[in-house]
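Residue strings, one per chain:
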Amino acid sequence: MSDIPPKKSPKHKDHLKELAIKLGVVQREARDLKIPALVVIEGHDASYKGQLLTQMVLEIDSRAYKIHSTHTEDPLAKKHSLLWQYWNNTPAKGMIQFYDRSAYYLVSEAHADKTIKKSERNHYLEQIGQFEQQLSDDGVEIIKVFLKISKREQTKRLEKLESNPKTSWRVTPKDWKRNQDYKIRLEAIDDMIEHSNHACAPWTEIDATDFKSASIELYETVISRLEIAVAKARVKAQEPKASREWIPYQRTSHISQSKDLGPMDRSDYKTVLKELQAEIRDLSHDIHYHKIPVILIYCGWDAAGKGGCIKRLLHGMDPRGYEVVPIGAPTKIELNHHYLWRFWKELPHKGKMTIFDRSWYGRVLVERTEALCSNEEWQRAYQEISDTEKHLADSGTAILKFWLDIDKDVQLERFEARQNNLHKQWKITDEDWRNREKWEHYVEAVNEMIDRTNTSYAPWVIVDANCKMRARLQTLRSIIETLRETIENYRKPAL
């Protein structure tokens, strides 16, 4: 809800023009330093959120910012977890992303309407805090503003809007209900701000009774935070580059525990395979009926048979119910975002299945081993990935992760077979051969990955893939067990 702001005096106009120019200057400095910024604008109904946002972007290069507006009835957002729409609208390097309301609005409204308990609200606030921390750790400057007005001022603005035939449609019975419950909602807002006022993303509360004063304070807040971010970035640019030297892992060996059970009788394999595929086909219908999202992650050594396992999984399944996402090196656009951004775009909505052929674990495997990111970045990623998977699991998503393990000699045999087969030569690259030279480092990286990200809500299954037939059956059995358990215990998430 919003009103038509009053006209500004010449004095205010001059000051705002100066601030707008200053914002444009610091925005260009942030762009040149590739600093991404996220500006969250929350507030009471009729607190001039839309008008203040319009005022703010007047002097910013239209190519330098984007705006995402949160709507409680967004049908696409409702098919995903709470954070999905926000991850898909995070700022690229050098860009400013505005949120016209955010996840805080959805959570606080649900709590005020008593559709979630306070403990659930606090859990969601914790997840939003983790989201903000991940962005902040990646260099995003987060600026959160809450616009406040009194109940009397809100009532006056709603009445003015309702009395005008051209704007009366903006005022709904729910707006008046929120106005009636103003005191209760204000207490809930203050409590929410207190619980989400993090060092990496503090709140700034602005009195929006006077549009002119609120405009100036909003400008000054954003300018000040961007100036601090620019100053920090310039200091950091002078510091030595973060270390990428190899850090060994010498604790639990997980993949060495996989057992080579030898070859399997092909006739028995075909019989069992057909039975398992029929069961998965039936379970996929149940998943669709119950609107349960499913994520399957296939990781493993080159030539371990990931593609073959995925092919047998999909046999007979309705192609409208799943999507296979092959993960390669990130594109230039993807590199301009947080490394998790490109995966959030591919997550399944309710009732669908997404199969990742490789995944976000590339950060702690390939990027770590090949020194494509700093030690600090890949070490931080274990917690970031676990927090992400926990959020998805809490939102009702079933997650299962496979590591397809083969011996080094078996890999060599398969590489040579591919190279000698005209129709499979495309599967073998110079990079595959080069990766073998760092086999022992990859072994350490895999073991640490499993050790630090194997959870009850997103478990790893280590698959002996020396025999492709056994590997395919093992993955199918694990999927069946997970889907059965998920369907049996499924509880619709609060949000």
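What you see is a predicted model, and the numbers here were worked out from it, not measured in a lab.

1. Considerations on the overall build of the chain
Scanning the chain from terminus to terminus reveals 20 helices and 10 strands. With respect to the three principal axes, the spread of C-alpha positions in the chain is 85 × 55 × 40 Å. When burial is assessed residue by residue, the chain has 52% of its 495 residues classed as buried. Here the contacts in the chain between residues at least 6 apart in sequence split such that 81% fall between residues at least 24 apart.

2. Some thoughts on the sheet that holds strand β7 (residues 322-326)
Strands sit in the order β7-β8-β6-β9-β10 across an open sheet of 5 strands; the sheet is parallel. Lying at the two open borders of the sheet, with one neighbouring strand each, are β7 and β10 (460-464). Pairs of neighbouring strands in the sheet enclose a mean axial angle of 20°, with direction left out of account. Contacts from helix α12 (residues 306-314) reach β6 (294-300), β7, β8 (353-357) and β9 (398-405) within the one sheet, and its direction differs from that of β6 by about 150°. The strands that helix α20 (residues 468-489) touches are β6, β8, β9 and β10; relative to β10, the one it contacts most, it runs at about 155°.

3. Quick look at the packing of aromatic side chains
Aromatic ring pairs: the centre-centre distance and the angle between the two ring planes describe each pair. Overall, the coordinates contain 16 aromatic pairs when judged by the stated rule. Ring centres of Trp-87 and Phe-131 lie 5.3 Å apart, and the angle between their planes is 70°; on these two criteria the pair is classed as edge-to-face. Taken together, the positions of Trp-87 in helix α4 (residues 84-87) and Phe-131 in helix α6 (residues 118-137) put the pair 44 residues apart, joining distant regions of the chain. The exposure class of Phe-131 is buried, given its relative accessible area of 5%. Ring geometry for Trp-378 against Tyr-382: centres 6.1 Å apart, planes inclined by 90°, an arrangement best described as edge-to-face. Placement of the pair is Trp-378 and Tyr-382 together in helix α16 (residues 375-394), with a separation of 4 residues, close to one helical turn. Of the two residues, Trp-378 and Tyr-382, both sit in the buried class. These aromatic residues form a ring-pair network of at least three members: Trp-87, Phe-131 and Trp-344. Above the ring of Tyr-48, the side-chain terminus of Arg-157 is found at 3.8 Å from the ring centroid. The ring centre of Trp-378 lies 3.9 Å from the NZ or CZ of Arg-368, which sits over that ring.

4. Let's talk about a positive patch on the surface
On the surface, a cluster of positive charge is contributed by Lys-311, Lys-424, Lys-427 and Lys-468. Relative to the elements of secondary structure, Lys-427 occurs in the loop between α17 (408-419) and α18 (430-436).

5. Some thoughts on the packing of α12 against α20
At their nearest, the axes of α12 and α20 sit 9 Å apart, and the two run at 50° to each other. Here α12 lies oblique to α20, going by the angle between them. Read as a crossing pair, α12 and α20 show a hand that is right-handed. Only Ala-471, Arg-472, Thr-475, Leu-476 and Ile-479 of α20 make contact with α12, whose side of the interface consists of Gly-308, Cys-309, Arg-312 and Leu-313. For the contact of α12 with α20, the per-class residue count stands at 5 nonpolar, 2 polar and 2 charged.

6. Some details on the environment of Ile-67
Looking at the secondary structure, you find Ile-67 in strand β2 (residues 65-69). Since its relative accessible area comes to 44%, Ile-67 is described here as partly exposed. Distance from Ile-67 to Val-57, taken between C-alpha atoms, is 9.8 Å for residues 10 residues apart in sequence.

7. Quick word on unusual backbone geometry
Notably, Arg-101 is not glycine yet its phi reads approximately 70°, a positive angle. Mapped onto the secondary structure, Arg-101 falls in the loop between β3 (96-100) and α5 (103-112).

8. A word on the packing of α6 against α16
Interaxial distance between α6 and α16 falls to 11 Å at its minimum, and their mutual angle equals 145°. Here the hand of the crossing between α6 and α16 comes out left-handed. Of the residues in α16, those in contact with His-123, Gln-127, Gln-130, Gln-134 and Asp-137 of α6 are Arg-380, Glu-384, Asp-387, Thr-388, Lys-390, His-391 and Asp-394. Its residues assigned to classes, the contact of α6 with α16 comprises no nonpolar, 6 polar and 6 charged.

9. What about the pattern of salt bridges?
Any two side chains of opposite charge can pair, so long as their charged atoms come close to each other. Enumeration over the complete set of coordinates arrives at 34 salt bridges. With a closest N to O distance of 2.6 Å, Arg-178 and Asp-45 form a salt bridge. Taken together, the residues Arg-178 in helix α8 (residues 173-180) and Asp-45 in the loop between β1 (37-43) and α2 (49-57) connect sequence positions 133 residues apart. Here the residues in one salt-bridge network are Glu-42, Asp-45, Arg-101, Glu-109, Asp-113, Lys-174, Asp-175, Arg-178 and Arg-185, joined through shared partners.

10. Here we look at a negative patch on the surface
A grouping of Asp-260, Asp-407, Asp-409, Glu-413 and Glu-416 is seen on the molecular surface, where their side chains present a negatively charged patch. Position of Asp-409 relative to the elements: it lies in helix α17.

11. Considering the sheet that holds β3
Taken in spatial order, the 5 strands of this open sheet run β2-β3-β1-β4-β5, and their pairing is parallel. The open sheet has two edge strands with one neighbour each: β2 and β5 (203-207). Mean inter-strand twist for the sheet, computed between neighbouring axes without regard to direction, equals 20°. Where helix α9 (residues 182-195) meets the sheet, it contacts β4 (141-148) and β5, and its direction lies at approximately 160° from that of β4.

12. Brief notes about the environment of Arg-484
As for its placement among the helices and strands, Arg-484 is situated in helix α20. Judged by relative accessible area, which is 46%, Arg-484 ranks as partly exposed. Ignoring sequence-local partners within four residues, the contact set of Arg-484 consists of Glu-279 and Leu-283.

13. Notes on the side chain of Asp-175
Here Asp-175 is to be found in helix α8. Judged by its relative accessible area of 4%, Asp-175 is buried. Here Arg-178 takes part through its side chain, which lies 2.8 Å from a polar atom of the side chain of Asp-175.

14. Re the state of the cysteines
Cysteine pairs can be linked by a disulfide, which is a covalent bond between their two sulfur atoms. Following the criterion strictly, the structure yields 0 disulfides and no others. Between Cys-309, a cysteine without a disulfide, and Cys-467, which holds the nearest cysteine sulfur, the sulfur-to-sulfur distance is 10 Å. The buried category is assigned to Cys-309, whose relative accessible area is 1%.

Thresholds, definitions, all that
- Residues numbered from 1 in each chain as written.
- Predicted model: local features only at pLDDT ≥ 70, side-chain atom pairs only at ≥ 80, totals over all residues.
- Heavy atoms only, no water.
- Helix = DSSP H or I, 4+ residues; strand = E, 2+ residues; numbered from the N terminus.
- Buried < 20%, exposed > 50% of the residue type's maximum accessible area, 1.4 Å probe, protein only.
- Contact = heavy atoms within 4.5 Å.
- Pairing = 2+ DSSP bridges.
- Axes fitted to C-alpha atoms, helices over the stretch in contact; angles between N-to-C directions.
- Phe/Tyr/Trp six-rings, centres within 6.5 Å; stacked < 30°, edge-to-face > 60°.
- Lys NZ or Arg CZ within 6 Å of the ring centre and 35° of its normal.
- Patch = residues over 30% accessible without salt bridge, like charges linked within 9 Å, V, L, I, M, F, W, Y side chains within 5 Å.
- Areas by Shrake-Rupley, 256 points an atom, 1.4 Å probe, with all protein chains shown as cover.
- Salt bridge = Lys/Arg side-chain N within 4 Å of Asp/Glu carboxyl O.
- Lys, Arg positive; Asp, Glu negative; His and termini not counted.
- Charge placed at Lys NZ, Arg CZ, Asp CG, Glu CD.
- Parallel < 35°, antiparallel > 145°, perpendicular 65-115°, else oblique.
- Left-handed = near helix turned anticlockwise from the far one by under 90°.
- Nonpolar A, V, L, I, M, F, W, Y, C, P; charged D, E, K, R; others polar.
- Polar contact = N/O pair within 3.5 Å; in protein donor to acceptor, adjacent residues only side chain to side chain.
- Disulfide = S-S within 2.5 Å.

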